[in-house]
Amino acid sequence: MIKKDQLLNGKRKILWIVNLMSLITEDNCWKYSSILHNKNYNFNKDEILKILPKNDIDEAYNTISLWDGYVSTPLISLNKLSKDLKLNKIFYKDESKRFHLKSFKALGGAYAVEKITKGNKDIIISTATAGNHGRSVAWGSKKLGLKCKIFISEYVSEFRANVMRNFGADVIRVKGNYDNSLKECIKQSKQYNWQIVQDVAWEDYKLVPKLTMAGYTVMMKEISEQINNQKISHVILQAGVGGMAAAMIAGIARYLNHVPKIIIVEPESAACVLKSIKSGKIEKITVEKESLMGGMSCDEVSLVPWQILKNSASHCVTVSDDCISKTVKSLAGCKFSDEKIIGGECATPGIISLVGLCNDVEIKKKINLDEGSNVLLFGCEGDADEELYQKLLNL
């Protein structure tokens, strides 16, 4: 015999599920803006590992895993979301817990600083950043007792600037966007003989971005051990200039024994990877409006990542900023998982695009998102900008 309180609890659970499904399927913000199939798709493990070699990937893990405070970041099951999207599993790599820097970028810039300086204490480090990369470079420089100059655009929050200053960096704000800050960084670094540690590659500047990407591959090494031999069917990767996305593809080539469908997600206002894959060559775009996802608001894909992305990504999608706040609140409110997750603005587009793709019945079928799918998403940052995070929670 069913007791009254059991019946009430059952009704509450059903109501909650109905409300969540309504949130996911009826809210207009849960959608993608555009999707592109890569007509040049050809995942070639050997070619990928020529660009970012196995030895470089292994050396990065062997070095970083010995750093003080190193632990694998959690791979969380978004069990509630997978149930409502009728997928088998959704894995969420929670980089909010990466050291104390709250972002995967801790793995890249700091590692590049260590490798490029080789113990030389007289080198002055410089970089341009939208926030998280600069934080990693500043932290890495402080650990090694190096002076550090960081260039930021007018769009980078003062909160992020102060975090970098707290690591001892000299922060220089430049009028204009990220591109302007990078140009000024290059100009002054040449003038004063500073060592640039940038996560963007250009002609004659490829070693440091490769080191940065090698650092990022630590995430895929951890994931390969956390999935317990389960096969990932789909991976959604955020892209700004493409470094993290390309590094994860190299990590897949190195650590996984199968090839999942790889989907790149970008802000609709800064889809430089999608535009480049569409034309088959690097296309510089004009960013008319800066996205809230500042770390992804980039106008040109980086040279080294492009060599990997151009053939290895099967699809590109774009999303608007409309659902960022709702996603941040849903992560924090245990709407997607049994666990509370702190995810910043750049942690959201994987979820937003996945829900949007699943809401499009035709596309969902076309890219084989079904009840057997195991999807990997990247929560690439936590509340790295605490002030913005609080605003998003309270919108």
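Details of the structure are given in the entry above.
Figured I'd write up the structure that's included with this text. Computed from a prediction, not measured in an experiment: that's the story for all the values here.

1. Describing helix H17 (residues 386-394)
Step number 1: Residues of H17 that are buried include every one of Leu388, Tyr389 and Leu392, and no others. Within H17, the buried residues cover an arc of 100° as seen down the axis, which keeps them to one side. Opposite the buried face of H17, by more than 90 degrees, sit the exposed residues Lys391 and Asn394.

2. Points about helix H7 (residues 158-166)
Step number 1: For H7, the complete set of buried residues consists of Phe159, Arg160, Ala161, Val163 and Met164.
Step number 2: Of the surrounding secondary structure, the elements contacted by the buried residues of H7 are strand S4 (124-129), helix H6 (132-143), strand S5 (147-153), strand S6 (170-174) and H17.
Step number 3: Glycine 168 sits one or two positions beyond H7 and adopts a positive phi of about 95°.

3. Some remarks on the sheet that holds S4
Step number 1: Within the open sheet, the four strands sit side by side as S6-S5-S4-S7. Their pairing is parallel. Of all the strands in the sheet, the pair left with one neighbour each is S6 and strand S7 (195-196).
Step number 2: In the sheet, S4 pairs with S5 via six bridges, with the strands oriented parallel. Following the sheet pairing, serine 126 is matched in S5 by lysine 149.
Step number 3: On the sheet, H7 packs against S4, S5 and S6 and is oriented at approximately 150° with respect to S6.

4. Focus: the side chain of threonine 327
Step number 1: In this fold, threonine 327 is placed in helix H14 (residues 324-332).
Step number 2: The residues contacting threonine 327, other than those within four sequence positions of it, are Trp30, Phe336, Thr348, Ile351 and Ile352.

5. What about the environment of lysine 105?
Step number 1: Looking at the element boundaries, lysine 105 is found in the loop between strand S3 (89-94) and helix H5 (109-117).
Step number 2: Through-space distance from the C-alpha of lysine 105 to that of glycine 215 is 8.6 Å; in sequence the pair is 110 residues apart.
Step number 3: Excluding anything up to four places from it in sequence, lysine 105 contacts Asn132, His133, Ser136, Asp199 and Tyr216.

6. Topic: the packing of aromatic side chains
Step number 1: Per the counting criterion, the structure on display carries ten aromatic pairs.
Step number 2: Geometrically, the ring pair formed by tyrosine 61 and tyrosine 70 is edge-to-face, given 6.4 Å between the ring centres and 85° between the ring planes.
Step number 3: With a centroid separation of 4.3 Å and 15° between ring planes, the pair formed by tryptophan 202 and tyrosine 205 is classed as stacked.
Step number 4: A residue is classified by how much of its surface remains accessible, and tryptophan 202, at 25% relative accessible area, is partly exposed.
Step number 5: Accessibility expressed as a relative area gives 11% for tyrosine 205, which makes it buried.
Step number 6: Taken together, Tyr61, Trp67, Tyr70, Phe99 and Trp139 form an aromatic cluster joined through their ring pairs.
Step number 7: The ring of tyrosine 61 has lysine 221 sitting right over it, with the charged end atom 5.2 Å from the ring centre.

7. Considerations on the nonpolar core
Step number 1: Counting 141 residues, the largest nonpolar core has Leu237, Ile264, Ile351, Leu354 and Phe378 as its most contacted members.
Step number 2: Tallying contributions element by element places helix H11 (residues 243-255) first for this core, with ten residues.
Step number 3: Beyond its immediate chain neighbours, meaning those up to four positions away, leucine 237 contacts Met244, Ala245, Met248, Ile249, Ile262, Ile263, Ile264, Val265 and Phe378.

8. Focus on the environment of methionine 164
Step number 1: Mapped onto the elements of the fold, methionine 164 is located in helix H7.
Step number 2: For the pair formed by methionine 164 and valine 287, sequence separation is 123 residues and the distance between their alpha carbons is 26 Å.
Step number 3: With near-sequence residues (within four places) excluded, methionine 164 lies in contact with Thr129, Gly131, Gly134, Arg135, Ala138, Ile150, Ile152, Ala169 and Val171.

9. Some points on the pattern of salt bridges
Step number 1: Per the stated rule, a full pass over the model turns up 22 salt bridges.
Step number 2: With a closest N to O distance of 4.0 Å, lysine 80 and aspartate 338 form a salt bridge. Placement of lysine 80 in helix H4 (residues 79-84) and of aspartate 338 in the loop between H14 and helix H15 (349-359) is noted, with a sequence separation of 258 residues between them.
Step number 3: Salt-bridge contacts for aspartate 385 lead to arginine 160; the nearest nitrogen and oxygen are separated by 3.7 Å.

10. Quick word on unusual backbone geometry
Step number 1: Of note in this structure, asparagine 193 is not a glycine but carries a positive phi near 60°.
Step number 2: Checked against the element boundaries, asparagine 193 lands in the loop between helix H8 (178-192) and S7.
Step number 3: For asparagine 193, a relative accessible area of 68% translates into the label exposed.
Step number 4: Of note, the phi angle at asparagine 228 is positive, near 50°, even though the residue is not glycine.
Step number 5: Counting through the fold element by element, asparagine 228 comes out in the loop between helix H10 (218-226) and strand S8 (234-238).

11. Comments concerning the sheet that holds strand S10 (residues 315-319)
Strand pairing in a sheet is mediated by backbone hydrogen bonds. Such pairs are either parallel or antiparallel.
Step number 1: The sheet built from seven strands is open, its strands ordered S1-S10-S9-S8-S11-S3-S2 with mixed pairing. Looking at the sheet topology across the chains shown, the edges are occupied by strand S1 (34-37) and strand S2 (75-77). For this sheet the average axis-to-axis angle between neighbouring strands, irrespective of direction, equals 25°.
Step number 2: Bridging between S8 and strand S9 (residues 261-267) involves five bridges; their strand directions are parallel. The partner of valine 235 across the bridge, within S9, is isoleucine 262.
Step number 3: The strands touched by H11 are S8, S9 and strand S11 (374-379); relative to S8, the strand with the most contacts, the crossing angle is about 150°.

Rules of the game
- Residues numbered from 1 in each chain as written.
- Predicted model: local features only at pLDDT ≥ 70, side-chain atom pairs only at ≥ 80, totals over all residues.
- Heavy atoms only, no water.
- Buried < 20%, exposed > 50% of the residue type's maximum accessible area, 1.4 Å probe, protein only.
- Helix = DSSP H or I, 4+ residues; strand = E, 2+ residues; numbered from the N terminus.
- Arc of directions from axis to C-beta.
- Contact = heavy atoms within 4.5 Å.
- Pairing = 2+ DSSP bridges.
- Axes fitted to C-alpha atoms, helices over the stretch in contact; angles between N-to-C directions.
- Phe/Tyr/Trp six-rings, centres within 6.5 Å; stacked < 30°, edge-to-face > 60°.
- Lys NZ or Arg CZ within 6 Å of the ring centre and 35° of its normal.
- Core = buried A, V, L, I, M, F, W, Y, C linked by side-chain atoms within 4.5 Å.
- Salt bridge = Lys/Arg side-chain N within 4 Å of Asp/Glu carboxyl O.

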